[in-house]
Amino acid sequence: MVEKYNAMEEKLVEDSNTKEIDLINRDPKQINEDVVRVEFEDVIAEPDGSHSLDTVWKASYTTFTVSKYWCYRLLSAVFGIPMSLLWGFLFACISFCHIWAVVPCIKSYLIETQCLSRVYGLCIHTFCDPLCEAMGKIFSSIKMTLRKEV
(Lines give C-alpha, C1' and ligand atoms only; values in the text may rest on other atoms or scores of the structure.)
Protein backbone atom coordinates (compact mmCIF):
# COMPACT_ATOMS: atom_id res chain seq x y z
CA MET A 1 0.00 0.00 0.00
CA VAL A 2 2.84 2.40 0.91
CA GLU A 3 4.65 1.54 -2.33
CA LYS A 4 1.49 2.33 -4.33
CA TYR A 5 1.14 5.70 -2.53
CA ASN A 6 4.81 6.55 -3.17
CA ALA A 7 4.42 5.64 -6.84
CA MET A 8 1.33 7.90 -7.12
CA GLU A 9 3.15 10.73 -5.34
CA GLU A 10 6.18 10.31 -7.62
CA LYS A 11 3.90 10.31 -10.69
CA LEU A 12 2.20 13.54 -9.55
CA VAL A 13 5.56 15.27 -9.06
CA GLU A 14 6.80 14.03 -12.42
CA ASP A 15 3.62 15.16 -14.20
CA SER A 16 3.73 18.69 -12.77
CA ASN A 17 7.30 19.24 -13.96
CA THR A 18 7.16 17.51 -17.35
CA LYS A 19 3.66 18.26 -18.53
CA GLU A 20 3.08 18.51 -22.24
CA ILE A 21 2.57 21.97 -23.68
CA ASP A 22 0.00 22.83 -26.31
CA LEU A 23 1.75 24.14 -29.40
CA ILE A 24 -1.53 25.17 -31.05
CA ASN A 25 -3.36 27.06 -28.28
CA ARG A 26 -0.53 28.96 -26.59
CA ASP A 27 -2.80 31.23 -24.53
CA PRO A 28 -5.39 28.80 -23.09
CA LYS A 29 -6.43 31.17 -20.31
CA GLN A 30 -6.63 34.18 -22.68
CA ILE A 31 -4.41 36.36 -20.49
CA ASN A 32 -3.23 38.38 -23.51
CA GLU A 33 -6.53 38.39 -25.39
CA ASP A 34 -7.14 42.14 -25.41
CA VAL A 35 -3.59 43.35 -24.82
CA VAL A 36 -1.46 42.31 -27.79
CA ARG A 37 -3.96 41.33 -30.44
CA VAL A 38 -3.32 44.28 -32.76
CA GLU A 39 -4.27 43.98 -36.40
CA PHE A 40 -3.69 46.39 -39.29
CA GLU A 41 -7.29 47.62 -39.11
CA ASP A 42 -6.87 48.48 -35.42
CA VAL A 43 -3.96 50.81 -36.16
CA ILE A 44 -4.41 52.20 -39.67
CA ALA A 45 -7.76 53.19 -41.15
CA GLU A 46 -8.75 55.48 -43.98
CA PRO A 47 -12.12 57.17 -43.73
CA ASP A 48 -14.37 57.67 -46.75
CA GLY A 49 -13.03 60.42 -48.96
CA SER A 50 -9.39 59.82 -47.93
CA HIS A 51 -8.36 56.63 -49.66
CA SER A 52 -4.86 55.92 -50.90
CA LEU A 53 -4.19 53.91 -54.03
CA ASP A 54 -5.30 50.29 -53.76
CA THR A 55 -1.77 49.02 -54.41
CA VAL A 56 -0.42 51.27 -51.62
CA TRP A 57 -3.12 50.04 -49.24
CA LYS A 58 -2.39 46.38 -50.04
CA ALA A 59 1.37 46.91 -49.78
CA SER A 60 0.94 48.72 -46.46
CA TYR A 61 -1.21 45.87 -45.13
CA THR A 62 1.33 43.27 -46.21
CA THR A 63 4.28 45.28 -44.86
CA PHE A 64 2.61 45.83 -41.48
CA THR A 65 1.55 42.20 -41.09
CA VAL A 66 4.80 40.60 -42.22
CA SER A 67 7.06 43.02 -40.31
CA LYS A 68 5.02 42.54 -37.12
CA TYR A 69 5.16 38.74 -37.54
CA TRP A 70 8.91 38.51 -38.20
CA CYS A 71 9.89 41.18 -35.68
CA TYR A 72 8.01 39.27 -32.97
CA ARG A 73 9.62 36.02 -34.09
CA LEU A 74 13.09 37.56 -34.06
CA LEU A 75 12.62 39.20 -30.65
CA SER A 76 11.20 36.01 -29.14
CA ALA A 77 14.07 33.95 -30.62
CA VAL A 78 16.69 36.30 -29.17
CA PHE A 79 15.09 37.26 -25.85
CA GLY A 80 12.53 34.48 -25.20
CA ILE A 81 14.79 32.08 -23.31
CA PRO A 82 16.60 34.76 -21.25
CA MET A 83 13.26 36.37 -20.34
CA SER A 84 11.85 32.94 -19.42
CA LEU A 85 14.84 32.41 -17.17
CA LEU A 86 14.35 35.85 -15.60
CA TRP A 87 10.60 35.36 -15.05
CA GLY A 88 11.10 31.83 -13.74
CA PHE A 89 13.68 33.13 -11.25
CA LEU A 90 11.43 36.04 -10.23
CA PHE A 91 8.36 33.86 -9.64
CA ALA A 92 10.49 31.31 -7.78
CA CYS A 93 11.70 34.13 -5.47
CA ILE A 94 8.14 35.38 -5.00
CA SER A 95 6.95 31.85 -4.18
CA PHE A 96 9.85 31.35 -1.78
CA CYS A 97 9.13 34.62 0.04
CA HIS A 98 5.42 33.87 0.19
CA ILE A 99 5.88 30.33 1.51
CA TRP A 100 8.75 30.98 3.92
CA ALA A 101 8.09 34.57 5.07
CA VAL A 102 4.69 36.07 4.27
CA VAL A 103 2.39 33.23 5.35
CA PRO A 104 4.29 32.50 8.60
CA CYS A 105 4.25 36.24 9.47
CA ILE A 106 0.52 36.44 8.82
CA LYS A 107 -0.12 33.31 10.93
CA SER A 108 2.03 34.71 13.75
CA TYR A 109 0.19 38.03 13.57
CA LEU A 110 -3.19 36.28 13.69
CA ILE A 111 -2.14 34.27 16.75
CA GLU A 112 -0.96 37.43 18.55
CA THR A 113 -4.04 39.46 17.62
CA GLN A 114 -6.32 36.65 18.78
CA CYS A 115 -4.76 36.90 22.23
CA LEU A 116 -5.06 40.71 22.20
CA SER A 117 -8.65 40.56 21.02
CA ARG A 118 -9.57 38.37 23.97
CA VAL A 119 -8.00 40.86 26.40
CA TYR A 120 -9.69 43.77 24.61
CA GLY A 121 -13.07 42.00 24.67
CA LEU A 122 -12.68 41.25 28.36
CA CYS A 123 -11.92 44.93 29.10
CA ILE A 124 -14.90 46.11 27.06
CA HIS A 125 -17.27 43.67 28.80
CA THR A 126 -15.84 44.55 32.24
CA PHE A 127 -15.89 48.33 32.00
CA CYS A 128 -18.17 49.42 29.14
CA ASP A 129 -21.07 46.97 29.54
CA PRO A 130 -22.01 48.11 33.10
CA LEU A 131 -21.67 51.77 32.09
CA CYS A 132 -23.88 51.30 29.05
CA GLU A 133 -26.47 49.38 31.08
CA ALA A 134 -26.58 52.14 33.68
CA MET A 135 -26.96 54.84 31.02
CA GLY A 136 -29.69 52.79 29.38
CA LYS A 137 -31.62 52.53 32.65
CA ILE A 138 -31.26 56.28 33.26
CA PHE A 139 -32.51 57.24 29.83
CA SER A 140 -35.25 54.59 29.75
CA SER A 141 -37.16 56.43 32.48
CA ILE A 142 -37.41 59.61 30.40
CA LYS A 143 -40.83 59.98 28.89
CA MET A 144 -41.84 62.46 26.23
CA THR A 145 -45.23 63.56 25.12
CA LEU A 146 -45.96 65.47 21.99
CA ARG A 147 -48.79 67.95 21.86
CA LYS A 148 -50.03 69.86 18.95
CA GLU A 149 -51.36 73.30 19.79
CA VAL A 150 -53.71 75.04 17.44
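Everything numeric here is computed off the predicted structure, so don't read it as measured data. (Residues numbered from 1 in each chain as written. Predicted model: local features only at pLDDT ≥ 70, side-chain atom pairs only at ≥ 80, totals over all residues. Heavy atoms only, no water.)

What to know about the overall build of the protein
Reasoning step 1: Summing up its helical and strand segments, the protein has three helices and zero strands in all.
Reasoning step 2: N-terminal to C-terminal, the α/β element order of the protein is α-α-α.
Reasoning step 3: For the protein, the proportion of its 150 residues judged to be buried stands at 1%.
Reasoning step 4: Total accessible area on the protein stands at roughly 14800 Å², and carbon and sulfur atoms take up 67% of it. (Helix = DSSP H or I, 4+ residues; strand = E, 2+ residues; numbered from the N terminus. Buried < 20%, exposed > 50% of the residue type's maximum accessible area, 1.4 Å probe, protein only. Areas by Shrake-Rupley, 256 points an atom, 1.4 Å probe, with all protein chains shown as cover.)

Quick word on helix α3 (residues 54-140)
In an α-helix, one turn spans 3.6 residues; hence positions three or four apart end up facing the same way.
Reasoning step 1: Taking 1.5 Å per residue, 87 residues should reach 129 Å; α3 reaches only 89 Å between its end C-alpha atoms and comes up short.
Reasoning step 2: Along its length, α3 reaches its greatest deviation from straightness, about 50°, at phenylalanine 79, and the proline proline 82 lies no more than four positions downstream. (Expected span 1.5 Å × (residues − 1). Bend = angle between axes of the 7 residues up to and from the residue.)

What to know about unusual backbone geometry
Reasoning step 1: Although it is not a glycine, glutamine 30 adopts a positive phi angle of roughly 50°.
Reasoning step 2: Locating glutamine 30 in the fold gives a position in the loop between α1 (2-17) and α2 (40-43).
Reasoning step 3: Owing to a relative accessible area of 45%, glutamine 30 belongs among the partly exposed residues under this scheme.

Regarding the layout of surface pockets
Reasoning step 1: Here the largest pocket is characterised by a volume of approximately 1300 Å³.
Reasoning step 2: Taken together, 24 residues form the lining of the largest pocket, with Arg26, Asp27, Asn32, Val36 and Tyr72 sitting closest to its centre.
Reasoning step 3: Its residues assigned to classes, the lining of the largest pocket comprises eight nonpolar, five polar and 11 charged. (1 Å grid on protein atoms, 1.4 Å probe; cavity = no way out; pocket = protein on both sides within 12 Å on 5 of 7 lines; lining within 4 Å. Points joined across faces, edges and corners; volume = space filled by probe spheres on them. Nonpolar A, V, L, I, M, F, W, Y, C, P; charged D, E, K, R; others polar.)

Re the UniProt feature "transmembrane region" (unreviewed entry) in the protein
Reasoning step 1: Under the UniProt annotation, "transmembrane region" (unreviewed entry) lies at residues 74-101.
Reasoning step 2: As annotated, residues 74-101 has a helix share of 100% and a strand share of 0%, and its two end C-alpha atoms lie 40 Å apart. (UniProt positions renumbered as here; feature names shortened; annotations may be inferred.)

Side note on the packing of aromatic side chains
Reasoning step 1: Counted by the stated rule, this structure contains six aromatic pairs.
Reasoning step 2: Ring centres 6.5 Å apart and planes at 35° place the aromatic pair phenylalanine 96 and tryptophan 100 in the tilted group. Pair noted here: phenylalanine 96 and tryptophan 100 are both in helix α3, with a separation of four residues, about one helical turn.
Reasoning step 3: Members of the aromatic cluster, each reached through a chain of ring pairs, are Phe40, Trp57, Tyr61 and Phe64. (Phe/Tyr/Trp six-rings, centres within 6.5 Å; stacked < 30°, edge-to-face > 60°.)

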